[in-house]
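For reference, the chains in residue letters:
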Amino acid sequence: MSGVKFTSEHEWIRIDGEIGTVGITDYAQEQLGDIVYVELPELGKTVAMRDEAAVVESVKAASEVYAPVSGEVTEANEALAEKPDLVNQSPMDEGWFFRLRVGDAAELDELMDEAAYKAFVAGLE
């Protein structure tokens, strides 16, 4: 799963050219429990790194989803409106939240790679 970067808030971003696909990690969906609702960002919205971009609600809590990097939202995963539990079933694949055109690729260097994220999560347990 190379090419994926992680935040300390448990978001992931997978880069394909200048577009990044964003979601929450398996750890995050486990902590939240059963996802019942996802509020997605509007297309064309510009977000700054660490800005609130989406909201995910579970039976336990509501939580913000932050933009891992700055950019403009180009696509939202409309499937989550009908099936928010895709986030539980496939957090790193079908359960993605939104895509954005990366505004500053240098911001990616501030994120963790998979090994660093696994070590970070291990430190939380």
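Here's what I pulled together on the structure shown here. Predicted model, so just to flag it, every value in this text is computed and none were measured.

Regarding the pattern of salt bridges
Then comes step 1: Enumeration over the complete set of coordinates arrives at four salt bridges.
Then comes step 2: Put simply, Glu 75 and Arg 99 hold a salt bridge, and the shortest N to O gap is 3.1 Å. On the criterion of sequence distance, the pair formed by Glu 75 in strand β8 (residues 71-76) and Arg 99 in strand β9 (residues 98-102) is long-range, its members being 24 residues apart.
Then comes step 3: What makes Arg 99 partly exposed here is its relative accessible area of 23%.

Things to note about the packing of aromatic side chains
Then comes step 1: Following the criterion strictly, the structure yields two aromatic pairs and no others.
Then comes step 2: Measuring from centroid to centroid gives 4.7 Å for Phe 6 and Tyr 117, while their planes differ by 15 degrees, and the two rings are stacked. Placement of Phe 6 in strand β1 (residues 4-6) and of Tyr 117 in helix α4 (residues 114-124) is noted, with a sequence separation of 111 residues between them.
Then comes step 3: Classification of Phe 6 by relative accessible area gives buried; the value is 4%.
Then comes step 4: With a centroid separation of 6.3 Å and an interplanar angle of 35 degrees, the aromatic rings of Tyr 117 and Phe 120 are classed as tilted. Here Phe 120 and Tyr 117 lie together in helix α4, a separation of three residues that amounts to about one turn.
Then comes step 5: Residue Tyr 117 is classed as buried on the basis of its relative accessible area of 7%.
Then comes step 6: Residue classification places Phe 120 among the partly exposed positions, given a relative accessible area of 29%.
Then comes step 7: Against the face of Trp 96 rests Arg 99, its NZ or CZ located 4.0 Å from the ring centre.

Comments concerning the pairing of strand β2 (residues 11-16)
Then comes step 1: Of the pairings in the sheet, the one linking β1 to β2 comprises three bridges and is antiparallel in character. For Lys 5, the partnering residue across the bridge sits in β2 and is Ile 13.
Then comes step 2: In this structure, β2 lies alongside strand β3 (residues 19-24), joined through six bridges in antiparallel fashion. Directly across from Asp 16, in β3, lies its bridge partner Ile 19.
Then comes step 3: Hairpin geometry of β2 and β3 is characterised by an intervening segment of two residues between the two adjacent antiparallel strands and by a positive phi of about 70 degrees at Gly 17.

Considerations on the sheet that holds strand β7 (residues 62-66)
Then comes step 1: Spatial ordering of the open sheet is given by β4-β6-β7, a layout of three strands whose pairing is antiparallel. Every other strand in the sheet has two partners, leaving β4 (35-39) and β7 as the edge strands with one partner each. Sheet twist, expressed as the mean angle between neighbouring strand axes with direction ignored, is 25 degrees.
Then comes step 2: Across five bridges, the pairing between strand β6 (residues 52-58) and β7 is antiparallel. Looking at the pairing, Val 55 lines up with Glu 64 of β7.

Parameters and conventions
- Residues numbered from 1 in each chain as written.
- Predicted model: local features only at pLDDT ≥ 70, side-chain atom pairs only at ≥ 80, totals over all residues.
- Heavy atoms only, no water.
- Salt bridge = Lys/Arg side-chain N within 4 Å of Asp/Glu carboxyl O.
- Helix = DSSP H or I, 4+ residues; strand = E, 2+ residues; numbered from the N terminus.
- Buried < 20%, exposed > 50% of the residue type's maximum accessible area, 1.4 Å probe, protein only.
- Phe/Tyr/Trp six-rings, centres within 6.5 Å; stacked < 30°, edge-to-face > 60°.
- Lys NZ or Arg CZ within 6 Å of the ring centre and 35° of its normal.
- Pairing = 2+ DSSP bridges.
- Axes fitted to C-alpha atoms, helices over the stretch in contact; angles between N-to-C directions.

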